[in-house]
Each structure stands twice: as structure tokens, then as C-alpha cells.
Amino acid sequence: MTRSPRKRSESNVHHVVARGTGRQIIFENDRDRQTYLGMLSKLAEEHDCSLFAWCLMDNHVHLLVKAETEQLSTMMKRLDSAYAIVFNMRNEHVGHLFQGRFKSEPVESDAYLMTVVRYIHQNPEVAGLGAMRAYPWSSFPEYIGPASITDTAFVLSVFGGIEAFLDFHGEKDPSAPCIDENRGRNLLDASAAYAAASKAIAPAKPGDVKGMPRRERNAAIARMREASLSVRQIERLTGVSRGIIARIPSGKAGGP
């Protein structure tokens, strides 16, 4: 099947998402994260790419990058390949680490750039991993402290300064149309999602899952993920937090 061409950005600013194949973990520990960031910084410089924002989650990565489309593609291919080699050697992993080619969307306006930056930085909070300010594996700390690999000056100029930046980040926008790790999945509507979840965990119902013992709960969530339900859909149906759901791979019970 012929792949559709990547959308070009008139501004050369792209929101990029790279995820583990089958949504598997791509960072086992902080050493892995530090390795990835070191490679990202080095290759961004080599390919004349400016990094405006980033966030490393357990099984996917968000980047906001300014670069020509060809430069971005070359950098991401080299980054994914180089990191996968190191990860596989360290963790005795065999096979592909990243799922296909990275996903991207053009960011053409200042208003949308602000939205994407906030969306990237709020990922850990949405996933239940803790406060945005306390999460060490995103570019947010570089905006309120010394910057290391992030070009903070351009984004702060768009916001009009650090106070406006922080005020905007204090707001929530769950309807923001940014791409995420679920892009490319055929998500079900609410009624179809409930039916699919009920079928996957029968004879139990989605509302029963939160009160199950951990092993049964995790197994039920794994079956719902296997049925192509998104993390957000499972959260709404079961009441289990996104952070817990995101750590359970499809088809596996997960946890003791």
C-alpha cells in the first residue's frame, strides 16, 4: 500500500508523535530517557532543527520542531534507528521498537503553536503521572528554569513572556485537536465503545472494572485495549485513571 505524503508546513513547524510498536514501553528507566534526549539534541543540531517543546512518556514521544520536512524526516529516521539499537541491546529486546514512521502535523499559526505547546506539556497530568511542573521529562522545566536542549526564546516571544506562558498553561482544553498516540486508530462512538467493552470483558460490565482485584482489573483493561478502545474511552467507561490504563499493554494482564 502506498503511504500518503507527509503534510508540508508553510511555517516549517511540526508537531511530531513517535510511539512504540503495539504501544509498548520505549523508556524502561531514566538512563534510557537521557540517552534519547542526548541523541535528539545532537541530531537536531546536525540537521538544523529547532526544538520548541518535547515530552517523553512511557510508550510515546511528543516533539515540536521547526525544520524543513526533508530535514525533519531524516533526523527522525536516524533518531529512531539509533535509539532502537541502544534500547534493544540494553534490554535484550528483539524486533522493531517504534511503530512505523512517525506521525506529524503542521503548526501554521501562533494560536495553534500555543495550544500544541500546552498540550505537549500537559500530557503527564492528563495521563495521571503527576503535576506538569514536577514532571522532569518534558521541556516545561526548561521554560521556568535554565534551558538545555529547548529553544525557549521563540515560543516565549509568541506568548509575550513567561507570565502569559504560565497563565495559558494553567488552563485546560480537553477538546484541543492535536494529534496524539492514538492517531490512526478507528475510534468507536460512545455506544459502540460500551458494546465493544462489554463484549471484551463479558460477563462483567465496564462499570465493574474499577472495583476488581488488581490482576482481574488489569486483565479486563488489556482485553478492552485489544478491542481497539482508546485509553480515554476506557477511562470514561470504567473510571480507572488514564495513568493506570496507559501502563497496561493490550493482550496482557499486567501487574502482580
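Up top you'll find the structure we're talking about.
Residues numbered from 1 in each chain as written. Predicted model: local features only at pLDDT ≥ 70, side-chain atom pairs only at ≥ 80, totals over all residues. Heavy atoms only, no water.

Peer 1: Before we move on, could you go through the pattern of salt bridges and cite the residues and values that matter?
Peer 2: Close approach of charged atoms allows side chains of opposite charge to pair. Under the defined criterion, the tally for this structure stands at seven salt bridges. Close ionic contact of glutamate 171 with arginine 118 constitutes a salt bridge, the shortest N to O distance being 3.5 Å. Taken together, the positions of glutamate 171 in the loop between helix 6 (162–169) and helix 7 (190–201) and arginine 118 in helix 3 (residues 110–126) put the pair 53 residues apart, joining distant regions of the chain. The class of glutamate 171 is partly exposed, set by a relative accessible area of 43%. Here the salt bridges share partners, and the residues they tie into one network are Asp30, Arg33 and Asp58. (Salt bridge = Lys/Arg side-chain N within 4 Å of Asp/Glu carboxyl O. Helix = DSSP H or I, 4+ residues; strand = E, 2+ residues; numbered from the N terminus. Buried < 20%, exposed > 50% of the residue type's maximum accessible area, 1.4 Å probe, protein only.)

Peer 1: Residue-level account of the packing of helix 5 (residues 152–159) against helix 6, with values.
Peer 2: Between helix 5 and helix 6, whose axes approach to 8 Å, the crossing angle comes to 80 degrees. By the angle class used here, helix 5 and helix 6 are roughly perpendicular. Counting all contacts with helix 5, which are made through Val155, Leu156 and Phe159, the residues of helix 6 involved are Ile162, Ala164, Phe165, Phe168 and His169. By residue class, the composition of the contact of helix 5 with helix 6 is seven nonpolar, one polar and no charged. (Axes fitted to C-alpha atoms, helices over the stretch in contact; angles between N-to-C directions. Parallel < 35°, antiparallel > 145°, perpendicular 65-115°, else oblique. Contact = heavy atoms within 4.5 Å. Nonpolar A, V, L, I, M, F, W, Y, C, P; charged D, E, K, R; others polar.)

Peer 1: Go over the nonpolar core, please, and point to the residues and values.
Peer 2: Core analysis: the biggest nonpolar cluster contains 56 residues, and Tyr36, Leu63, Leu64 and Met76 have the highest contact counts within it. Other than its neighbours up to four places away in sequence, tyrosine 36 contacts Phe27, Leu56, Val61, Leu63, Met76, Leu79, Tyr83 and Phe98. Within the second largest apolar cluster, 17 residues are counted, among which are Ala193, Val231, Ile234 and Ile245. (Core = buried A, V, L, I, M, F, W, Y, C linked by side-chain atoms within 4.5 Å.)

Peer 1: Residue-level account of helix 2 (residues 69–91), with values.
Peer 2: For helix 2, which comprises 23 residues, the first-to-last C-alpha distance of 32 Å matches the rise-based estimate of 33 Å (1.5 Å per residue) to within 8%. Taken as a whole, helix 2 has its buried residues at Thr69, Leu72, Ser73, Met75, Met76, Leu79, Asp80, Tyr83, Ala84, Phe87 and Asn88. Taken together, the buried residues of helix 2 touch strand 1 (13–19), helix 1 (30–46) and strand 3 (60–66). (Expected span 1.5 Å × (residues − 1).)

Peer 1: Explain empty space enclosed by the protein residue by residue, including any values.
Peer 2: If you walk through the whole model with that rule in mind, you get one cavity of 30 Å³ or more. Counted as a void, the largest cavity has a volume near 30 Å³. Split into classes, the residues belonging to the lining of the largest cavity amount to three nonpolar, one polar and three charged. (1 Å grid on protein atoms, 1.4 Å probe; cavity = no way out; pocket = protein on both sides within 12 Å on 5 of 7 lines; lining within 4 Å. Points joined across faces, edges and corners; volume = space filled by probe spheres on them.)

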